[in-house]
Amino acid sequence: MNLFSRSWAALRTTVADLPDEAFALPSGCTGWLVRDLVCHLIIDAQDVLITLVTPAGTEPTRDAATYWNIVRAPTGDDPLDALTVRMAAAYEEPWLLKFHLDDVGSAAGRAAALANPAARVGTRDVVLTAGDYLGAYVLEWALHHLDLIAHLPDAAEPPAEALARSRELLEKIAGTAFPASFSDKDALLIGTGRRAPTEGERGELGEWAGKLPLVLG
């Protein structure tokens, strides 16, 4: 729960500190500019708010790792992805995106801090404890923080503990560990296809290299 709050606050702070011109740069999400990614984060914050007030009366069916599904790599044809791009463009001014993310994002952060970690919540036709649901989002925040700063070398990186926990989750999803020589950041970037492995890294991965990337949805 605390790691959710720290990683989410760090991501929102990084967005708030971006200069206006950064919003027109590419992000680490294929086909999305930084402004499109920030719009997606607003939608994510809304999802967190909705899920935390959607109680479930049955036993959990997923945990923080199994919440995620392995899906096909995006092609750019998904109508929801296209809608995000149109919505982001409609904001026109970066400060409007910043304002909306701060407004909804702060509310999502407060709701997470107040949530009972043992409470059961429903989302995407599955049931999790609130603690596991928020734990799953640590991975979401870490990956999107890396996406946000992909072409912004001077921007703040995700908290180290969020990267470490996200690596643990990705390894659970994959069913195997990344080479110990990989940093947490590189394990996440390579594991999810955000960066191609070097020849040396591919050698360390061995046969598992052919199973990457792990595209999460």
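First, a word on scope: everything that follows refers to the structure included in this document. Please read these numbers as outputs of a predicted model, since none were measured by experiment. (Residues numbered from 1 in each chain as written. Predicted model: local features only at pLDDT ≥ 70, side-chain atom pairs only at ≥ 80, totals over all residues. Heavy atoms only, no water.)

### Side note on the overall build of the protein chain
Here is step 1 of the chain: A count of helices and strands for the protein chain gives eight helices and two strands.
Here is step 2 of the chain: Tracing the protein chain from N to C terminus, the helices and strands come up as α-α-α-α-β-β-α-α-α-α.
Here is step 3 of the chain: Relative to the globule expectation of 17 Å for 217 residues, the C-alpha radius of gyration of the protein chain, 17 Å, shows essentially globular dimensions.
Here is step 4 of the chain: Overall, the protein chain is about 45 × 45 × 35 Å in size when its C-alpha atoms are taken along their principal axes. (Helix = DSSP H or I, 4+ residues; strand = E, 2+ residues; numbered from the N terminus. Rg over C-alpha atoms; globule rule 2.2 N^0.38 Å.)

### A word on the pairing of strand S1 (residues 120-123)
Side chains on a regular strand alternate between the two faces of the sheet.
Here is step 1 of the chain: Here S1 pairs with strand S2 (residues 126-129) via four bridges, running antiparallel. Along S2, the bridge assignment pairs Val-121 with Leu-128.
Here is step 2 of the chain: Here S1 hands over to S2 after two residues, with Arg-124 in that stretch at a positive phi of 55°. (Pairing = 2+ DSSP bridges.)

### What to know about the pattern of salt bridges
Here is step 1 of the chain: Counting across every chain of the model gives ten salt bridges.
Here is step 2 of the chain: A salt bridge links Asp-36 to Arg-35; the nearest nitrogen and oxygen atoms lie 3.9 Å apart.
Here is step 3 of the chain: With a relative accessible area of 2%, Asp-36 lands in the buried category.
Here is step 4 of the chain: A salt bridge links Asp-184 to Arg-167, with the shortest nitrogen-to-oxygen separation between them at 3.1 Å. A residue pair is termed long-range when its members are at least 10 positions apart, and Asp-184 in helix H7 (residues 184-191) and Arg-167 in helix H6 (residues 160-174) qualify at 17 residues.
Here is step 5 of the chain: Connected through salt bridges with shared partners, the residues Arg-167, Glu-171 and Asp-184 form a single ionic network. (Salt bridge = Lys/Arg side-chain N within 4 Å of Asp/Glu carboxyl O. Buried < 20%, exposed > 50% of the residue type's maximum accessible area, 1.4 Å probe, protein only.)

### Here's the deal with the layout of surface pockets
Here is step 1 of the chain: Taken as a whole, the largest pocket holds about 1,400 Å³ of empty space.
Here is step 2 of the chain: Looking at the largest pocket, it is lined by 43 residues, and the ones nearest its centre are Trp-32, His-40, Asp-81, Leu-216 and Gly-217.
Here is step 3 of the chain: Where the lining of the largest pocket is concerned, the elements lending two or more residues are helix H2 (34-52), helix H3 (79-91) and helix H5 (130-148).
Here is step 4 of the chain: Residue composition of the lining of the largest pocket, grouped by class: 20 nonpolar, 13 polar and ten charged. (1 Å grid on protein atoms, 1.4 Å probe; cavity = no way out; pocket = protein on both sides within 12 Å on 5 of 7 lines; lining within 4 Å. Points joined across faces, edges and corners; volume = space filled by probe spheres on them. Nonpolar A, V, L, I, M, F, W, Y, C, P; charged D, E, K, R; others polar.)

### Thoughts on the packing of aromatic side chains
Here is step 1 of the chain: For the structure on display, the rule yields nine aromatic pairs.
Here is step 2 of the chain: Aromatic pair Tyr-67 and Tyr-137: ring centres 6.4 Å apart, planes at 45°, arrangement tilted. Here Tyr-67 is found in the loop between H2 and H3, whereas its partner Tyr-137 is found in helix H5, with 70 residues between them in sequence.
Here is step 3 of the chain: The buried category is assigned to Tyr-137, whose relative accessible area is 4%.
Here is step 4 of the chain: Judged by centre distance (4.7 Å) and plane angle (55°), the ring pair of Phe-178 and Trp-208 falls under tilted. Residue Phe-178 is located in the loop between H6 and H7, and its partner Trp-208 is located in the segment after helix H8 (199-205); the two are separated by 30 residues in the primary sequence. We note that Phe-178, like Trp-208, is buried.
Here is step 5 of the chain: Among the aromatic residues, those joined into a ring-pair cluster are Phe-4, Trp-8, Tyr-67, Trp-68, Tyr-133, Tyr-137 and Trp-141. (Phe/Tyr/Trp six-rings, centres within 6.5 Å; stacked < 30°, edge-to-face > 60°.)

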